[in-house]
Amino acid sequence: MTPNGKMQRYHDFSIPPVACERRSRDDSTSARLLLPLGVAEAWLCALGVSHPILSGDRGVASWHQPAAASSAGRGSHSPPLPVPVPVLHFLSLPLHRAQNLLISGPGWGRSQGPSSSCDWRGCKAGSFLSLVRAEFNHAVLGDSQKLQVAADGAVDFNLACSFECSDLLNTLDDVAHKPVILSVLEVLAKEKKKEEKTLVLGQAAVDLLPLLRGRCSFSVSVPLFPTPALPTNEDTTMLDVSVSVPEPLLPDDQVSQSNLLKVTLETAYSVPDVWVAASGSPCSYVAALQVPVTAEREQILMFSDGTLRMGGQREPLPRPKKWPAGPEFCLSSAQNIPESWIQEEAVDEEDGDLSTQEDKEFRLDVETNKKRVSWDTERRCLLDAGGVSCLKRRILKSRLWPVEVMRSLQSDLPKGGKGRKEKGDEEPQISFHGVAYVDLTPLLYPGATRIHGAYRLHPFYESDLQLKTNRNHSILHEAFQAPATQFKGPRTSSSIGSFKAPLSKAVKETKEPSKQSKPADSLTEEALVVNEEGQMFADSRTYIVLEIALEKPLVPKKAPEEVNKRVAELIHPRPALPPRLCGAERAVQDFHSQISSIAEHVLQQYQQQFGAPPPGPAPALDISSQEQRRAQLLGELNYSGKYFSFKEQLKYSVVRVVREKMLRSEAFREPEQLRAFLSQLYIFLVDEMHVALNKPLSVDAEVLQHPPPQLSCVQIRQFAREAEMNQDYALAKHYYLEQLAQDRSNAAHWFDFGSFCMLTSDLQKADECFRQAVSVQQTHLPSLLMCGILAEMNGHTEEAEAFLEGATCVEPSSGLSWTLFGLFHQGQGNSVQAEMAFLEASKLHAGGPQKKTPELQTEILQEARKGDNRGSGGPDERAETPPSTTIYMAAAEFLLEHHALQMAQRALSQELLCPQGGLSASYHLALARLHMLRGEYADAESGLQEALRKTVEDPDVWATHGHLHYLTGAAREAQKCYERTLLLARRACDTHLVYLRLGTIYLQGAEFQKARLTYLRACRASPSCLTWLGLGVACYRMGDLAEAEDALTEANLLNNNHPLVWAYLALVCLRTGRKLEAEQCYKYTVKLNLHNQELLQEIKGLQAQAGFGDPSFQTFPAPYGP
């Protein structure tokens, strides 16, 4: 029981036998022997021992001296190194909590050469004393028995030791960041009236971290580092250590809920120039930060073993991380943590304050030529479930985390062993007090476990600390003022340990604002105190490089499979339609269909001549009867002409087989080639005929011939967009439905129709279209984005998050997906998730390693238009559009393009806050487009005026300004804007609409020559029914009837339901005197319900002059208006 009445936790440790492995570069000469834990390889591999020979019973290994080496040692003038000839036993090292740590091991021996080559060991004769020492947490666990090692003898070590592990002493946090240190010592010869001295031969460190992960036992190979005074060779000694406990240190539930925090303090660069190697008292360079380990207690992590180094060269990379410094480490090489390295990392991929291109050049110079203080120390900290929750809350409350740095004389640092301060003791002075504010928000990103970067050091002021971190107390002051009871055991001034404390004063005072508030005068006085030494950090541009890593992320990230499964649950994928036959297969299938049709007709003729067969089995006919019926049937087929019609019916399908299957389209030059080809063709056709006849026949079956569509999907979509821009929504809907009728399995077709429904505010229909697109193609990125946007608009936030997160998994390199994902989280008030998404989008937009295309908007539009319905020359061609300046403008353009106005406004709001954005011309243009879509023309006019003040060379601004004037009826102002647009070098995004509206203005103003040239340019760029119609009208008004008829004919081919086309064709036919064609054109003009009364009166006037052209039949309503 503890003094406060709490039950302490005790566990048993045991480290079973340990093996020492000697590894050589040549595997054929490598040998393995079992050594006692802690026996230095310096006297095994560096002393000339070659191949060990294992012998004896379990746990016993003998080492024999090679004869050649022994004889050489006796007759050589150069003194050889002494060679040990021990008999070694297994080493047993059981660790017990509050029980014994047992170490039982073998001994070793050596033989003395002719010269005193053992002087470097400190021994004077042919034998010496040796022992093994185990240490943990600044305490010696125990020493083995000191045994005399003779030149040709052997020795066994037996060691038993124990240490207490509880919540107060040797805690789980100590197990996390402190190793068990095993030292091999030689006891030097004792002089008279002097204390006995020892010499360290080698050290090894055993990491106990696996025990905190729920394991009861583990085995590990750790290197044994010899003292630098010993000779070394190329071999590396490894200690195979096995550690076990009777029961886990942490239950499974605590293992799953806890987390391991690793803080690695690397180097502080560009330190003040006044920092020089002290000639008197040495200086200590200390850094500290505070983290919550439980819900009630915080831990101060101290790094006090910094080393000042001069400039001249960069720090080597990779370099090992070190254990926190302690008096147990006698060898610097033993302080390195195995398999833990500081790796090189690109500056632009870091999370710190200095990650731009300018900072990269500065850092390269500083890290090569300037002074620096190096720690390279990793400090681990175990957080329980309460500590993890507290850490998340603290980061959400204050994203900046203070890391304090100072320089102080080692004599000023607190030393263990003292209780209270004695009278006359001065307060420890903290000089060069600085602080780095580390942004820990990236640790709250889903799946994030690490931040690494360079952070600027600022002079320490309590006012700044309270403003930025909600703390008002220095961690270093708190550490130095801690009672001496918090120091566990003796410490040297070079290693300030970790201090455990309740919640810091800053946290407590934050919870009690009434107690922590200070008078304004007090704050003013503090602000007047200048930290002159700390200001040197800012003047020198000092920065510190550190890494903070977690074993498990604070916010788990969903796996892509889970996200895709969620999307599939919301929208079930549709099975793919059977592929259509084309080419050679289609030609053979058509031949089979014709054979089946002919066979059905022959069967019908046979039944007409000879009657239907009686029910039941028919009697067999003899051969003569069969031949007679065959001759009669052929005669009837020839007499009736059916035989000739059958040949004509087969001709087209045979020609297709020759062209598609045989790949012959040219005449034969040699008769032999023709005969060989006809023979091959005959064989093939007969074989395929049998294949077709072997299929079951149906007399009622009809062969359906589907004529090829007259318009391709590219043209249909172009015409739909054209009608949409002209606000002819009925015609646009007709085209979108026709596009779907041609190919319902194309996700882009459903997406286009859904975007049109967004324009007409039919949100329910739009949602159905986008979901149908996702069901056809689960990876269709634009449809996933629009499904998420519509789900948010309808209040279904969980579905919206699933869709938008699925879009980021489908295409991780799409910056637009990440931007919309961030806008969604921003709308939900989740600032951390929004920041993570915006950061990822910015990396991709800036051309990061995962970026595939530089233009985000072009990328998503191309993805949206995949398939055979996308091509150049459309009215919305973006090939010449420059890349967006920011991620928010790219998102706003996409949202405006597909009429998601609510989120588009949110993106424009972010554009104002973006450092690269602001009130730019592109922002005012996008805002004007938003107002125009809402019908707010006055606000759009003011936005466009602001955009023109920013730039006069953007064709999109002039085109949009022209559209605004056109919609408000200001034709002359619109004409000037359109003409200015076409004069600029770069094309506008909607040049097609500019041509159409400018041509219309010219026609209305009777400027037919300008209208003709404008429509000709439109026909070259993107021909449509309206462009050819405008050209035909202009030519007709100019009196060029032939060119007008050609243009109107082209318009009629593209759309034969347009009443204006038929009306002008009627005028042309009346002017050229073609009565039948004039009447036909006039019939369709009236049938399609032309609304232009002036044009109808003009037609009637010409009819009266010509005397024909009006058949006077009743009109029928048109399927849709012009």
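Residues numbered from 1 in each chain as written. Predicted model: local features only at pLDDT ≥ 70, side-chain atom pairs only at ≥ 80, totals over all residues. Heavy atoms only, no water.

> Could you give me a rundown of the packing of aromatic side chains, with the residues and numbers involved?
Tallied over the entire structure, the rule returns 17 aromatic pairs. Centroid distance Tyr 736 to Phe 753: 6.4 Å. Interplanar angle 40°. Geometry classified as tilted. Taken together, the residues span a long stretch of sequence, with Tyr 736 in helix H18 (residues 729–742) and Phe 753 in helix H19 (residues 747–759) at a distance of 17 residues. Given a relative accessible area of 2%, Tyr 736 falls into the buried group. Given a relative accessible area of 4%, Phe 753 falls into the buried group. Through a chain of ring-to-ring contacts, three or more aromatic side chains come together here, namely Trp 275, Tyr 285, Phe 432 and Phe 537. (Phe/Tyr/Trp six-rings, centres within 6.5 Å; stacked < 30°, edge-to-face > 60°. Helix = DSSP H or I, 4+ residues; strand = E, 2+ residues; numbered from the N terminus. Buried < 20%, exposed > 50% of the residue type's maximum accessible area, 1.4 Å probe, protein only.)

> Could you give an account of the packing of helix H13 (residues 584–610) against helix H16 (residues 671–693), with specific residues and numbers?
Close contact between H13 and H16 brings their axes to 9 Å; oriented N to C, the two are set at 60°. Overall, the two elements H13 and H16 adopt an arrangement that is oblique. In the packing of H13 onto H16, the handedness of the crossing is right-handed. Here Val 588, Phe 591, His 592, Ile 595, Ser 596 and Ala 599 of H13 lie close against H16, whose contacting residues are Phe 684, Leu 685, Glu 688, Met 689, Val 691, Ala 692 and Leu 693. Each residue belonging to the contact of H13 with H16 can be placed in one class, and the counts come to 10 nonpolar, two polar and one charged. (Axes fitted to C-alpha atoms, helices over the stretch in contact; angles between N-to-C directions. Parallel < 35°, antiparallel > 145°, perpendicular 65-115°, else oblique. Left-handed = near helix turned anticlockwise from the far one by under 90°. Contact = heavy atoms within 4.5 Å. Nonpolar A, V, L, I, M, F, W, Y, C, P; charged D, E, K, R; others polar.)

> Please set out the nonpolar core residue by residue, giving values where relevant.
Ranked by size, the top nonpolar core spans 155 residues in total, and within it Trp 375, Ile 544, Ile 548, Leu 820 and Leu 895 carry the most contacts. Here this core takes 10 residues from helix H36 (residues 1059–1072), the largest share from any one element. When neighbours within four sequence positions are excluded, Ile 544 is seen to be in contact with Leu 265, Thr 267, Ala 268, Trp 375, Val 405, Ala 436, Gly 453, Ala 454 and Tyr 455. Counting 26 residues, the second largest nonpolar core, distinct from the first, contains Ala 176, Leu 208, Leu 211 and Val 255. (Core = buried A, V, L, I, M, F, W, Y, C linked by side-chain atoms within 4.5 Å.)

> Kindly report on the pairing of strand E28 (residues 543–550), identifying the contributing residues and their values.
In terms of burial, E28 is a largely internal element, eight of the eight residues being buried. What you see with E28 is no split at all: Tyr 543, Val 545, Glu 547 and Ala 549 on one side and Ile 544, Leu 546, Ile 548 and Leu 550 on the other are buried throughout. As defined by bridge partners, strand E16 (residues 259–269) adjoins E28 across eight bridges and the pair is classed as antiparallel. Its bridge partner lying in E28, Leu 261 is registered against Leu 550. Pairing between strand E25 (residues 450–456) and E28: seven bridges, direction antiparallel. Bridge assignment links Tyr 455 to a residue of E28, and that residue is Ile 544. (Pairing = 2+ DSSP bridges.)

> Can you break down the pattern of salt bridges residue by residue, with the values?
Under the criterion given, the structure shown has 38 salt bridges. Arg 906 is the partner of Glu 792 in a salt bridge, and the nearest nitrogen-oxygen pair spans 3.0 Å. In this pair, Glu 792 is assigned in helix H21 (residues 781–793) and Arg 906 in helix H27 (residues 901–913), connecting sequence segments 114 residues apart. Arg 1012 is the salt-bridge partner of Glu 1043, the closest N and O atoms lying 3.1 Å from each other. Highlighted residues: Glu 1043 in helix H35 (residues 1041–1054) and Arg 1012 in helix H33 (residues 1008–1021), separated in sequence by 31 residues. Exposure remark for Glu 1043: the relative accessible area of 23% places this residue in the partly exposed category. Connected through shared salt-bridge partners, Asp 207, Lys 321, Glu 345, Glu 378, Arg 380, Arg 450 and Glu 547 make up one network. (Salt bridge = Lys/Arg side-chain N within 4 Å of Asp/Glu carboxyl O.)

> I'd like a rundown of helix H23 (residues 815–827), residues and numbers included.
The first and last C-alpha atoms of H23 sit 19 Å apart over 13 residues, in line with the 18 Å expected at 1.5 Å per residue. Burial analysis of H23 places 11 of its 13 residues in the buried class, the great majority of the element. Residues of H23 that are buried: Gly 815, Leu 816, Ser 817, Trp 818, Thr 819, Leu 820, Phe 821, Gly 822, Leu 823, Phe 824 and His 825. Note on H23: the residue one or two positions beyond its end, Gly 829, has a positive phi of about 80°. (Expected span 1.5 Å × (residues − 1).)

> Hey, could you go over unusual backbone geometry for me, with residue numbers and the actual values?
Omega for the peptide link from Leu 317 to Pro 318 comes to -5°, which places this bond in the cis form. Note on placement: Pro 318 falls in the loop between strand E19 (307–309) and strand E20 (319–322). In this structure, Asn 137 is a non-glycine residue whose phi angle is positive, near 55°. If you trace the backbone, Asn 137 turns up in the loop between strand E7 (128–136) and strand E8 (139–143). Overall, the relative accessible area of 7% leaves Asn 137 in the buried class. A positive phi angle, near 60°, is found at Gln 727, a position not held by glycine. Within the element layout of this structure, Gln 727 appears in the loop between helix H17 (713–725) and H18.

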